[in-house]
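Residues per chain are reported as follows:
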Amino acid sequence: MSTNIPTIQLNDGLDIPAIGLGTYSLNGYKGVESIKQGIEAGYRLIDSAFNYENEGAVGRAVQESSVPREQLRICSKLPGRHHAYDEALVTIEESLLRTGLDYFDLYIIHWPNPKQDKYVEAWQAMIEAKKRGYVRSIGVSNFLPEHLERIIQETGVAPVLNQVELHPYFEQAEQRAAHSQHGIITESWSPLGRGRGESVLEDAGIKQIADAYGKTPTQVILRWHTQLGAVPIPKAGSLEHQQENLNIFDFELTEEQMKTISAFSKDNKRLWDQDPAEYEEF
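Because the structure is predicted, anything quoted here is derived from the model rather than measured. (Residues numbered from 1 in each chain as written. Predicted model: local features only at pLDDT ≥ 70, side-chain atom pairs only at ≥ 80, totals over all residues. Heavy atoms only, no water.)

## Let's talk about helix α10 (residues 255–262)
Among the residues making up α10, those that are buried are Gln 257, Met 258, Ile 261 and Ser 262. Taken around the axis of α10, the buried residues stretch over an arc of 135°, which confines them to a single face. Those residues of α10 that are exposed and angled more than 90 degrees off the buried face are Glu 255 and Glu 256. Taken together, the buried residues of α10 touch α7 (204–213) and α8 (217–228). (Buried < 20%, exposed > 50% of the residue type's maximum accessible area, 1.4 Å probe, protein only. Helix = DSSP H or I, 4+ residues; strand = E, 2+ residues; numbered from the N terminus. Arc of directions from axis to C-beta. Contact = heavy atoms within 4.5 Å.)

Quick look at the structure:
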């Protein structure tokens, strides 16, 4: 593990860094260079997905980096259209073949795809994949509390983490509480917001907090995530932004500042509730 990034222990004993690198849209040879650059900058948790079509780029970056494989935590995701048991196992095998890696540290179900209602079957396949050594730890993404309860009740195995939309406009207090009940880590996708319309990064109050610490608004928001106990995975292609996102562990927000940031939260719907078409194949 990188020495300056704290680690968090998952409920199965595996440790992961308190921040990761999102790789959505980092594809091809340019993607390889960006991901490799991120690893050299200090990232040890790399988040990918079958649907990002960049598992090959992630694998190449891992192989070309100077960091030993065992120090990295590589994650990919099972798409909703491949939840049938045998199909799920083959999909995980294909993910491994694309990366050229022997195993994933994390593999997670991209979303429950509740209309299809095969996510329990998919979770059973994930358990089998772990037994076969394809994956060290298994988790989920975009699962609501009722989805989590069902897979735990029907298999006896709780996910190590649930990757959900989480940012100041959508703090997910009830979701995070449900995770805590089962020892599930919350991982934040879109940790800075979706980039649509207003941005908390432009808020004068956030800028004031950032100025007090000599930090940027981005660093303040990412620090808010870590102090909530969540693991943010911001996307960053440039070295400047990658380094900025990592430099968040040398200051601590006060309880009042945490409340100020959480107060931005609105009665938002999840992206897949608002725009189901975007998730039809996830």
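## Topic: the packing of aromatic side chains
Counted under the stated rule, the structure contains five aromatic pairs. Centroid distance Tyr 119 to Phe 143: 5.6 Å. Interplanar angle 80°. Geometry classified as edge-to-face. Residue Tyr 119 is located in helix α4 (residues 119–131), and its partner Phe 143 is located in the loop between β7 (135–141) and α5 (145–155); the two are separated by 24 residues in the primary sequence. For the pair formed by Tyr 119 and Phe 143, the shared burial category is buried. Ring geometry for Tyr 213 against Phe 251: centres 5.1 Å apart, planes inclined by 45°, an arrangement best described as tilted. Of this pair, Tyr 213 sits in helix α7 while Phe 251 sits in the loop between α9 (239–246) and α10; the two residues are 38 residues apart in sequence, bridging distant segments of the chain. (Phe/Tyr/Trp six-rings, centres within 6.5 Å; stacked < 30°, edge-to-face > 60°.)

## Some details on the packing of helix α2 (residues 55–64) against helix α3 (residues 85–99)
Taken N-terminus to C-terminus, the directions of α2 and α3 make an angle of 50°; their axes are 7 Å apart at the nearest point. As judged from the angle between their axes, α2 and α3 are oblique. Between α2, through Glu 55, Gly 56, Gly 59, Arg 60 and Gln 63, and α3, the contact on the second element is made entirely by Ser 95, Arg 98 and Thr 99. Looking at the contact of α2 with α3, its residues break down into no nonpolar, five polar and three charged. (Axes fitted to C-alpha atoms, helices over the stretch in contact; angles between N-to-C directions. Parallel < 35°, antiparallel > 145°, perpendicular 65-115°, else oblique. Nonpolar A, V, L, I, M, F, W, Y, C, P; charged D, E, K, R; others polar.)

## What about the pairing of β7?
Counting buried positions along β7 yields six of seven residues, so the element is predominantly enclosed. Strand direction decides the pairing type here: strand β6 (residues 104–109) and β7, joined by five bridges, are parallel. Bridged to Ile 108 within β7 is Gly 139. (Pairing = 2+ DSSP bridges.)

## As for the environment of Tyr 213
Judged by its relative accessible area of 26%, Tyr 213 falls in the partly exposed class. Sequence separation between Tyr 213 and Ala 236 is 23 residues; the distance between their C-alpha atoms is 22 Å. Setting aside residues no more than four positions away along its own chain, Tyr 213 makes contact with Phe 251, Glu 252, Leu 253, Thr 254 and Gln 257. A distance of 2.7 Å separates a polar atom in the side chain of Tyr 213 from a polar atom in the side chain of Gln 257. (Polar contact = N/O pair within 3.5 Å; in protein donor to acceptor, adjacent residues only side chain to side chain.)

## Thoughts on the UniProt feature "site: Lowers pKa of active site Tyr" (unreviewed entry) in the protein
UniProt's feature table lists "site: Lowers pKa of active site Tyr" (unreviewed entry) at Lys 77, given in the numbering used throughout. Excluding its chain neighbours within four sequence positions, the residues that come into contact with Lys 77 are Asp 47, Ser 48, Ala 49, Phe 50, Tyr 52, Tyr 107, Ile 108, His 110 and Gln 163. (UniProt positions renumbered as here; feature names shortened; annotations may be inferred.)

## Let's talk about the environment of Asp 105
Mapping Asp 105 onto the fold places it in strand β6. There is a polar contact of 2.8 Å between the side chain of Asp 105 and the backbone nitrogen of Ile 74. Of the polar contacts made by the side chain of Asp 105, one reaches the side chain of Arg 136; its length is 3.1 Å.

## Notes on the side chain of Ser 141
Relative to the helices and strands, Ser 141 resides in strand β7. A distance of 3.4 Å separates the side chain of Ser 141 from the backbone oxygen of His 110, its partner in a polar contact. Aside from chain neighbours lying at most four places away, what touches Ser 141 is Ile 108, Ile 109, His 110, Trp 111, Pro 112, Asn 162, Gln 163 and Trp 189.

## Examining the side chain of Arg 176
Take Arg 176: it is sitting in helix α6 (residues 173–181). On the basis of relative accessibility, which here comes to 16%, the residue Arg 176 falls in the buried class. Here Arg 176 is in contact with Leu 166, Glu 171, Thr 186 and Leu 228, once residues within four sequence places are set aside.

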